[in-house]
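Coordinate analysis (summary)
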Amino acid sequence: MHLHIRRAVVALSAFPLVMSGAIALAPAAGAAPSASCTVTPAANGTYVTISGEGFSAPRNLNDGETTERLNVDDTGHFLLKRFQKNVDYTVLAVNEDQNFTFVNCKVVQAPNAQTPTPSPSYHRPHRR
């Protein structure tokens with residue numbers, strides 16, 4: 001009788017571990033949608049382009065000093081340019097029930113500026 005109780009206890013204590021491993025390793029039924037925001041400085045440094053995807057309207061854009069409403073289209077995208085040097089932006093949810101309450105925008109490298117063509121230089125004649 002003692003042997004049957006031990007097997008039952010071991011089987012019952014192992015069950016939650018097996019189930020938790022199965023749950024942890026099981027793929028999600030549907031990949032959770034994500035939202036992202038990117039800040040791209042212009043090559044000349046005079047403005048930044050802010051783009052985002054995966055957002056539901058309404059959304060606000062905050063730069064640490066001001067907040068403005070974003071024009072999020074039906075596909076969840078937005079695009080705007082700001083003529084300032086600040087690159088720290090956050091997209092904020094307007095309603096409490098929206099996914100992605102706040103998303104910090106990621107700064108990416110500015111595109112390479114066109115390399116200026118060297119101007120012709122004056123060459124001095126060689127002295128002998």
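Structure shown above.
As a starting point, this report considers the structure included with it. Each residue is numbered by its place in its chain's sequence as written, counting from 1. For this predicted model, a pLDDT threshold of at least 70 governs which residues receive local features, and a threshold of 80 or more governs which side-chain atom pairs are given and counted, while totals over whole chains, interfaces and linings are taken from all residues. No hydrogens and no water enter the side-chain calculation; it runs on all heavy atoms of the structure.

1. Structural notes on the sheet that holds strand β4 (residues 67-69)
Strands pair, by our definition, only if DSSP identifies at least two bridges between them. Think of it this way: any DSSP run of H or I at least four residues long counts as a helix, any run of E at least two long counts as a strand, and we number them from the N terminus. Pairing in this open sheet of four strands is antiparallel, and the strands run β4-β3-β6-β7 from one edge to the other. Pairing within the sheet leaves two strands with one partner each, and these edge strands are β4 and β7 (102-104). Strand-to-strand twist in this sheet, taken as the mean axis angle between neighbours without regard to direction, amounts to 25°. Pairing analysis gives three bridges linking strand β3 (residues 59-62) to β4, with the strands arranged antiparallel. Looking at the pairing, asparagine 60 lines up with arginine 69 of β4. Lines fitted to C-alpha atoms define the axes, with helix axes restricted to the stretch in contact, and inter-axis angles between N-to-C directions lie between 0 and 180 degrees.

2. Let's talk about the packing of aromatic side chains
Pairs were defined over the aromatic rings of Phe, Tyr and Trp, the Trp ring being its six-membered one, requiring ring centres within 6.5 Å. Orientation was assigned from the angle between planes: stacked under 30 degrees, edge-to-face over 60, tilted for the rest. Within the structure shown, the criterion is met by two aromatic pairs. Note on tyrosine 47 and phenylalanine 83: the rings are 5.8 Å apart at their centroids and 55° apart in plane angle, and the pair reads as tilted. One end of the pair, tyrosine 47, is in the loop between β1 (36-41) and β2 (48-53); the other, phenylalanine 83, is in the loop between β5 (78-82) and β6 (90-93), and 36 residues separate them in sequence. Under the scheme applied here, a residue whose accessible area is under 20% of the maximum for its type counts as buried, over 50% as exposed, and between as partly exposed, the area being computed with a 1.4 Å probe on protein chains only. Residue tyrosine 47 is classed as partly exposed on the basis of its relative accessible area of 23%. An angle of 50° between the planes, with centres 5.7 Å apart, marks the rings of phenylalanine 55 and phenylalanine 78 as tilted. Taken together, the residues phenylalanine 55 in the loop between β2 and β3 and phenylalanine 78 in strand β5 connect sequence positions 23 residues apart. Taken as a pair, phenylalanine 55 and phenylalanine 78 share a single burial class, namely buried.

3. Some words on the nonpolar core
Grouping buried Ala, Val, Leu, Ile, Met, Phe, Trp, Tyr and Cys residues that are joined through side-chain atoms within 4.5 Å yields what is termed a nonpolar core. Counting 15 residues, the largest nonpolar core has Ile50, Phe78 and Val91 as its most contacted members. Contributing elements (two or more residues each) for this core: β1, β2 and β5. We call two residues in contact whenever any of their non-hydrogen atoms come within 4.5 Å of each other. Ignoring any residue separated from it by four or fewer positions in sequence, one finds valine 91 in contact with Cys37, Phe55, Arg59, Asn60, Leu61, Leu70, Phe78, Thr101, Phe102, Val103 and Cys105.

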